[in-house]
Amino acid sequence: MKIYIGNLHCKASEKELYDLFVAFGMVLWIEMYTDANGKSLGYGYVYMKDNKEGRSAITGLNNLNFMNQFLNIYEVK
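The rules behind the values
- Numbering of residues begins from 1 in every chain and follows the order in which that chain's sequence is written.
- Since the coordinates come from a predicted model, pLDDT governs what is reported: local features require at least 70, and pairs of side-chain atoms require 80 or more to be given and counted, while whole-chain, interface and lining totals use all residues.
- Based on all heavy atoms of the structure, the side-chain values leave hydrogens and waters out of the count.
- Two strands pair if DSSP finds at least two bridges between them.
- By the criteria applied, helices consist of DSSP H or I runs no shorter than four residues and strands consist of E runs no shorter than two, each listed in order from the N terminus.
- As a rule, the C-alpha atoms of each element are fitted with a line to give its axis, helices using only the stretch in contact, and angles between N-to-C directions run from 0 to 180 degrees.
- Contacts between residues were defined by any pair of non-hydrogen atoms, one from each residue, lying within 4.5 Å.
- Burial classification: accessible surface area is computed with a 1.4 Å probe over protein chains only, and a residue below 20% of its type maximum counts as buried, one above 50% as exposed, and the rest as partly exposed.
- Think of the arc as the fan of directions from the helix axis to the C-beta atoms.
- Identification of polar contacts relies on pairs of N or O atoms within 3.5 Å, with a donor-acceptor requirement for protein atoms, meaning one able to donate a hydrogen and the other able to accept it, and with residues adjacent in sequence counted only if both atoms are side-chain atoms.
- When two rings of Phe, Tyr or Trp (its six-membered ring) have centres within 6.5 Å they constitute a pair, described as stacked for plane angles under 30 degrees, edge-to-face for angles over 60, and tilted for the intermediate range.
- The definition of a nonpolar core used throughout is a set of buried Ala, Val, Leu, Ile, Met, Phe, Trp, Tyr and Cys residues joined through side-chain atoms within 4.5 Å.

S.K.: Can you help me understand the sheet that holds strand β2 (residues 27–34) in this one?
M.R.: A sheet is described by the order of its strands in space; here four strands give the open sequence β2-β3-β1-β6, paired in antiparallel fashion. Unpaired on one side and paired on the other, β2 and β6 (72–76) mark the two borders of the sheet. On average, adjacent strands in this sheet sit at an angle of 20° to one another, irrespective of strand direction. Of the pairings in the sheet, the one linking strand β1 (residues 2–6) to β6 comprises five bridges and is antiparallel in character. By the bridge assignment, Y4 is partnered in β6 with Y74. Seen against the sheet, helix α1 (residues 14–22) touches β1, β2, β3 (40–48) and β6 and runs at an angle of roughly 140° to β2. The sheet strands contacting helix α2 (residues 51–61) are β1, β3 and β6, and the helix crosses β6 at an angle near 160°.

So this is what it looks like as structure tokens:
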């Protein structure tokens, strides 16, 4: 399952996102997007193996205050 994560803090790391999502199930990989200078664009994707676990992660993490910003998380179809 592909999950969009928006409103990421510019200092958020893939490891920190992994730690958030792995509590809900198996994370296959994470993509975070940056500009040409390496500055975060504030969004990315998490790919989870199981759809049920992915939906649980969406429910559990959407609007979470993470690094003083509220995450915007939803399934990408």
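S.K.: Just to check I follow, could you spell out α2 for this structure?
M.R.: What α2 keeps buried is the set G54, A57, I58 and L61. Projection of α2 onto a plane perpendicular to its axis shows the buried side chains occupying an angular sector of 100°, all on one side. Away from its buried face, by an angle of more than 90 degrees, α2 presents the exposed residues K52 and T59. Along its buried surface, α2 packs onto β1, α1, β3 and β6. A distance of 3.0 Å separates the backbone nitrogen of K52 from a side-chain oxygen at the start of α2, and that oxygen is part of D50.

S.K.: Any chance you could explain the packing of aromatic side chains here in plain terms?
M.R.: Within a pair of aromatic rings, the relevant descriptors are the distance that separates the centres and the angle that separates the planes. What the rule picks out here adds up to seven aromatic pairs. Between Y33 and Y45 the ring centres are 5.9 Å apart and the planes differ by 90°, which places this aromatic pair in the edge-to-face class. Of this pair, Y33 sits in strand β2 while Y45 sits in strand β3, and the two are 12 residues apart along the sequence. Looking at Y45, the relative accessible area reads 17%, which means it is buried. An angle of 90° between the planes, with centres 6.4 Å apart, marks the rings of Y43 and Y45 as edge-to-face. Taking relative accessible area as the criterion, Y43 reaches 27% and is therefore assigned partly exposed. Joined through ring pairs, the aromatic side chains of Y4, Y33, Y43, Y45 and Y74 make up one cluster.

S.K.: Please explain the nonpolar core as it appears in this structure.
M.R.: Buried together is how nonpolar side chains tend to be arranged in soluble globular proteins. Ranked by size, the top nonpolar core spans 18 residues in total, and within it I5, F21 and I73 carry the most contacts. At the level of elements, β1, α1, β2, β3 and α2 are the ones that each hand at least two residues to this core.

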